[in-house]
Amino acid sequence: MDIGLRLGLLAEIANHPQGVTAEGLAKQTGLDPLYVQVWCRAAYASEILESGEDQAFELAPHVDKLLLDRDFPGYIGGIPGIMVQPEIFDLFAENLPSGQRIWWDQCSPTFIQSVSETARPFYTRLIPGGFARVPGLSDRLDQGAHILELACGAGVGLIRMAQTYPQSTFVGLDGDAYSLELVADRLKEVGLQDRVSLTRGMLEEINDNEQYDVALINVSMHECRDIDKTTINVLRALKPDGYFVISDFPFPDSTEGCRTVPARVMCGIQFFEALIDDQLLPTQAFVDLLGKHGFRNVGSFDLTPVHAVTYGRK
Ligand SMILES: C[S@@+](CC[C@H](N)C(=O)[O-])C[C@H]1O[C@@H](n2cnc3c(N)ncnc32)[C@H](O)[C@@H]1O
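Keep in mind the model is a prediction, meaning the values are calculated, not measured.

Here the focus is the domain arrangement of the protein chain. When cut into domains, the protein chain gives domain 1 (2–68) and domain 2 (80–313). Centre-to-centre, using C-alpha coordinates, domain 1 lies 35 Å away from domain 2.

One finds Ile-147, Leu-148, Leu-158, Val-214, Ala-215, Phe-244 and Val-245 to be the most contacted residues of the largest nonpolar core, which totals 65 residues. Here this core takes six residues from helix H8 (residues 109–130), the largest share from any one element. Beyond its immediate sequence surroundings of up to four residues, Leu-148 is in contact with Val-171, Leu-173, Tyr-212, Ala-215 and Ala-237. In this structure, Ile-13, Trp-39, Cys-40 and Ala-43 belong to the second largest nonpolar core, which totals 17 residues.

Now for the site of the ligand. For the ligand, the set of nearby residues contains 22 residues, the closest of which are Ala-119, Ala-151, Gly-153, Gly-175 and Asp-176. Looking at the shell around the ligand, the element that brings in the most residues is H8, giving three residues. Of the residues contributing to the shell around the ligand, the split by class is eleven nonpolar, six polar and five charged.

The strand order across the open sheet formed by seven strands is S6-S5-S4-S7-S8-S10-S9, and the pairing between neighbours is mixed. Looking at strand neighbours, the two that pair on one side only are strand S6 (196–200) and strand S9 (296–304), the edges of this open sheet. Taking the axes of each pair of neighbouring strands and ignoring which way they run, one obtains an average angle of 15° across the sheet. Sheet topology note: the strand S7 (residues 212–218)/strand S8 (residues 238–248) ladder contains six bridges and is parallel. Bridge assignment links Asn-218 to a residue of S8, and that residue is Ser-247. Helix-sheet contacts for helix H10 (residues 156–164) involve strand S4 (146–150), strand S5 (169–174), S6 and S7, and the interaxial angle to S5 is about 175°.

Where H8 meets H10, the axes come as close as 9 Å, and the angle between the chain directions of the two elements is 25°. Between H8 and H10, the angle is such that the two are roughly parallel. Like other packed secondary-structure pairs, H8 and H10 cross with a definite hand, here right-handed. Judged by residue contacts, Ser-116, Ala-119, Arg-120, Tyr-123, Ile-127 and Pro-128 of H8 engage Val-156, Gly-157, Arg-160, Met-161 and Thr-164 from H10. Here the contact of H8 with H10 is built from residues that sort into six nonpolar, three polar and two charged.

We now examine the pairing of S9. Bridge count for S9 against strand S10 (residues 307–313) is six bridges, and the pairing is antiparallel. The partner of Gly-299 across the bridge, within S10, is Tyr-311. Counted along the chain from S9 to the antiparallel partner S10, the turn is two residues long.

Think of a sheet as strands paired side by side through backbone hydrogen bonds, with each pair either parallel or antiparallel. Strand order in the open sheet formed by three strands is S1-S3-S2, with antiparallel pairing between adjacent strands. Because the sheet does not close on itself, it has two edges, and the strands there are strand S1 (20–21) and strand S2 (49–51).

This part covers helix H12 (residues 227–237). Residues that lie three or four places apart on an α-helix share one face, since the helix turns once every 3.6 residues. Every buried residue belonging to H12 is among Thr-230, Thr-231, Asn-233, Val-234 and Ala-237, and all of these are buried. When H12 is viewed along its axis, its buried side chains cluster within an angular range of 160° and face the same direction. Where H12 is buried, its residues touch S4, S7, S8 and helix H14 (283–292).

The rules behind the values
- Residues numbered from 1 in each chain as written.
- Predicted model: local features only at pLDDT ≥ 70, side-chain atom pairs only at ≥ 80, totals over all residues.
- Domains from an automatic or database assignment.
- Core = buried A, V, L, I, M, F, W, Y, C linked by C-beta atoms within 7 Å.
- Buried ≥ 20, exposed ≤ 12 C-beta atoms within 10 Å, placed from the backbone.
- Helix = DSSP H or I, 4+ residues; strand = E, 2+ residues; numbered from the N terminus.
- Contact = placed C-beta atoms within 7 Å.
- Near = placed C-beta within 6 Å.
- Nonpolar A, V, L, I, M, F, W, Y, C, P; charged D, E, K, R; others polar.
- Pairing = 2+ DSSP bridges.
- Axes fitted to C-alpha atoms, helices over the stretch in contact; angles between N-to-C directions.
- Parallel < 35°, antiparallel > 145°, perpendicular 65-115°, else oblique.
- Left-handed = near helix turned anticlockwise from the far one by under 90°.
- Arc of directions from axis to C-beta.

Spelled out as structure tokens, the structure:
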């Protein structure tokens, strides 16, 4: 899948709904015919491609949406690229004896961009559909709110929110300098730099007071170095009645619960989480956390089997 995406083979096959032979595909992409034939057969064997009697290959059902449509809510086209990065499994194996950990500033630019691409459908599901399931939140965002995105990464969420809620203003905070450079470039490209500002800092050191209507954190709350301190900081940073929305993976709360397909995927993600010294958490841990620190109207729901939303109000 990674080769097919990276070298444009899948995208080219998508241009041929009636099918294309390996030879034709090699010509169209300017790639070596033998290698293309080998890749096509393997992709067929893996049920990513279908093939007719005329030896022409076409995309299997739904592959166009799942791997190529970056704004499809079930898009997983970012995952193959991330799985071949050394930060996922190689470094884990290398560090297994020593237990040495790393942080984001030691991850490659390719890895950081791949993470952003993998997290993209989380934002697609959340904005605006997931937000609409949090009572009262959509109205507040539509009317014009000031929103803090914690651990904003490469900025997919900030841009999506700024485009969806044109009356609102945004602050993106992240501890990683390279990620913020990516956001700044993207904001300029789309002309949103006037409504979105960026701050480099740690979640545990946020010191704002009653400034924000909404605080959002996507696939990162489990990464806090001190999750209680971060929650207390967010509570203080919110205006009265403000919303805290945690969008994250719902990791099973027992070993037995890990034997499902979604949990298998999340068990794979735990290799990288261990490397940066944390683990994915069950949704109940976020619900308890918000309750413990005095948030009101705490609730949660699943958007998919790998995506849960927990929310509360100040
Ligand atoms: C999995 S990425 C998610 C980024 C973004 N929310 C997305 O969904 O694309 C985690 C991000 O959280 C940031 N981060 C993790 N722990 C942090 C902390 N304690 N303080 C500040 N930033 C942190 C990392 O720098 C990284 O950009």
